[in-house]
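Chain by chain, the residues run as shown.
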Amino acid sequence: MSYIPRTLPAQGDTTTNVLGVEAMFTQILGAVQKSQAEISELRQECADLRLANASLERQVREGFNNHNVNGSRTTASPGSVTPIHGSPQLRAKSPFLSPHHIPTLSAVPPALLVPSPLGENAVTPISCSQRDIPGFYVVIPAGGAGTRLWPLSREEHPKFLLDLTLKGRSLIQATWDRLLPLSSALRTTVVAGPGHVKSIHEQLPDLLPHNLFCEPGPKDSMAAIGLAAAVLAKRDPDAIIGSFAADHMISGDEAFLSAVAEAVEVAKQDYLVTIGIAPSHPSTGFGYIRLGDKLGIKQAPNARLVSSFKEKPDARTAAAYIGTGNYRWNAGMFVTRATLLMDLLKDYEPELYDGLQKIASVWADEEKRQATLAEVWPTLEKIAIDNAVAEPAAVEGKVAVVPATFGWDDVGDFSSLADLLPAESNQPRVLGDGSLVLTEQVAGGIVVPGSGRLITCLGVDDLVIVDMPDTLLVTTRARSQEVKRLVKKCRDAGWKALL
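Residues numbered from 1 in each chain as written. Predicted model: local features only at pLDDT ≥ 70, side-chain atom pairs only at ≥ 80, totals over all residues. Heavy atoms only, no water.

A. View of the pattern of salt bridges. All told, the structure shown has 19 salt bridges when counted by the stated rule. Salt-bridge contacts for R491 lead to E155; the nearest nitrogen and oxygen are separated by 2.8 Å. Of this pair, R491 sits in helix α12 (residues 483-492) while E155 sits in the loop between β3 (136-142) and α2 (171-183), and the two are 336 residues apart along the sequence. For the salt bridge of D492 with K488, the shortest nitrogen-to-oxygen distance reads 3.0 Å. Note that D492 and K488 are positioned in helix α12 at a spacing of four residues, about one turn of the helix. No difference in accessibility class separates D492 from K488, as the two residues are exposed. (Salt bridge = Lys/Arg side-chain N within 4 Å of Asp/Glu carboxyl O. Helix = DSSP H or I, 4+ residues; strand = E, 2+ residues; numbered from the N terminus. Buried < 20%, exposed > 50% of the residue type's maximum accessible area, 1.4 Å probe, protein only.)

Following this line, the structure appears as C-alpha cells:
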C-alpha cells in the first residue's frame, strides 16, 4: 500500500491566515459597535422627540383650559410666530360619510402660539391692509386620490373633499375661503379631473363655470398648473398667478395672506416665487428649500433667492437642515407671472409647452377644446412643477422664496392627521363619533369609526384604525406612510371598486 504524505501549510502562511481572520473580525466588531452607537443615538433622539411632543400636548391642554376659563382667544401676530393648528372640541358624527352634508361646528379652541426661533432669518411682518390684489389669479390644483389616507380617502371622493378637522368645511372649501379675499371669485380657478367636477361645484357654489379647468387625466402638477397658466395668459397677458394645493391645512391666515402679498411683489420682478414654511421639526416627509441671498426688494423685505431645492431627506439630514436655520419646507406654493412660467416651460420642457399652448389656443371653443384635449393631453409628460421648472430655474438664479411662519401641513398620512385632532391625555385621536370608541390602557394613535360599529381597544398604542362600512384598515402610526402600498395590493388583487 502506497503512502501519500499530507502537505502542511508553511508556518508563515498560517500566521498570515490567522492575522487575516483577526483583521476581519476586528472590522466586523468595529462595524457592530458603530451601529450600536448610531442606534443609541437614534433612541436618544426619539426620546427627545417624545418629550417635546409631551410638552407640546401639555401646552395645548393648557391652552384649552385657559380658553374655557377666560372665554377669550389668543390673537396671532402675523409673521412673527408659528401658529399650531386649532381643532374643534366637538366631534361631528362621520362627516366624511355624507359628502353632501358637512355639519357646522361652533366651538373652536384658541390658536396656540409657539415662538419660531429663526435667528437671523426671522421674518419681518409686512402690512396687508388691502386684501384684493389687482391682476392676481388664484389657481387651486385639486388632484390626487390621497392614497395614504385610504380607505377614508377614495378616488371618487379624495381627501380635498373631506372635512378632516371637523370644522364644518372640507379642505378645498377651507382653501377657497382662505384665498378668496385676495382674488375674488372672478379670479379664482380650480383644476380638477372629470370625476370630481360635480362634487367641486356642489362644495364651491360660487366657483364660476369657466374658472373650473377640467383635465382629462392626472399628469402631475406641471401639466395642471401649466394648463391654468396658458389659459389665463390668453385671458390676461399681465396675469400673476398663485398655485395653492386644495388639500393642505394652514393656520394663521394673517401671516399666510401677508406672505402671498409679498410673493406677488417679488413675482412682479420676473421671478418664479415659492413660499417657504418655517419647519417645526426635522420632517422626512417634506422637501426643503435652502435660502440664498436677500433680494433687497422694498415691498418684499423677506424675499431671498433660492439657493437650491432638496429632496425629502433622512432623519439625520433633516435635523442638520433645521440646525443651520437656512432651510424651509417646500410646500409646493408658487407665485409668478403666467407668461414667465410658460417661458420657463418653453426653455426646460419644450414639448410640454407646445402641447399646453395648443390646448390653450382653442380653449374658448368647447368643441375644439374637447377634440384637442383628447388628442394632446395623453401625450403630455407626467412631471412635477419642481422638477420641470423650479429646480433648473433655481440654478440660474430665477427662483425666489418668501420665508413664512404660518402653520402648514399637507395632511399626507394618518399620523399627520392625528396631530391635527384633539385628544385626552394618553388617548387615541378620534375622527368621528367619539361615543363609538372605547379604550382601556391605550395611548396615542387615531381611530376613525366610519361604519357606525363600536370599536374597542385594549392595551395597544399608536394604532391607526379606520373602520369604514366596506373596508377595515389597521396599521401603526409609524408605518402610516406605507398605506399606499396596500392600495396597490388591493388594486392588483381585483378590489379596485373599494379604491
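From this point, the discussion proceeds with the structure in view.
B. Expanded view of the packing of aromatic side chains. The full count for this structure, using the stated rule, is eight aromatic pairs. Arranged with centres 5.7 Å apart and planes meeting at 90°, the rings of F213 and W363 form a pair that is edge-to-face. In this pair, F213 is assigned in strand β5 (residues 212-214) and W363 in the loop between α8 (350-361) and α9 (366-376), connecting sequence segments 150 residues apart. Accessibility classification places F213 together with W363 in one group, the buried group. (Phe/Tyr/Trp six-rings, centres within 6.5 Å; stacked < 30°, edge-to-face > 60°.)

C. Structural view of the environment of N330. With respect to the helices and strands, N330 occurs in strand β11 (residues 327-337). With 54 residues separating them in the primary sequence, N330 and G276 have C-alpha atoms 5.6 Å apart. For N330, the side chain forms a polar contact with the main-chain nitrogen of G332, separated by 3.0 Å. (Polar contact = N/O pair within 3.5 Å; in protein donor to acceptor, adjacent residues only side chain to side chain.)

D. A look at the nonpolar core. If you look at the biggest cluster of nonpolar residues, it comprises 52 residues, and the most contacted ones within it are F136, V190, I200, F244, I275 and F406. Elements that contribute at least two residues to this core include exactly β3, α2, β4 (188-192), α5 (253-267), β8 (272-277), α6 (315-324), β11 and β12 (399-404). Looking at this core element by element, the count peaks at 10 residues for α5. Dropping the residues within four chain positions of it, F244 is found in contact with F136, V138, V139, I140, P141, T175, L179, F256, V260, I275, M333 and V335. Among the nonpolar cores identified, the runner-up in size contains 49 residues, and I225, L344, I359 and W377 belong to it. (Core = buried A, V, L, I, M, F, W, Y, C linked by side-chain atoms within 4.5 Å. Contact = heavy atoms within 4.5 Å.)

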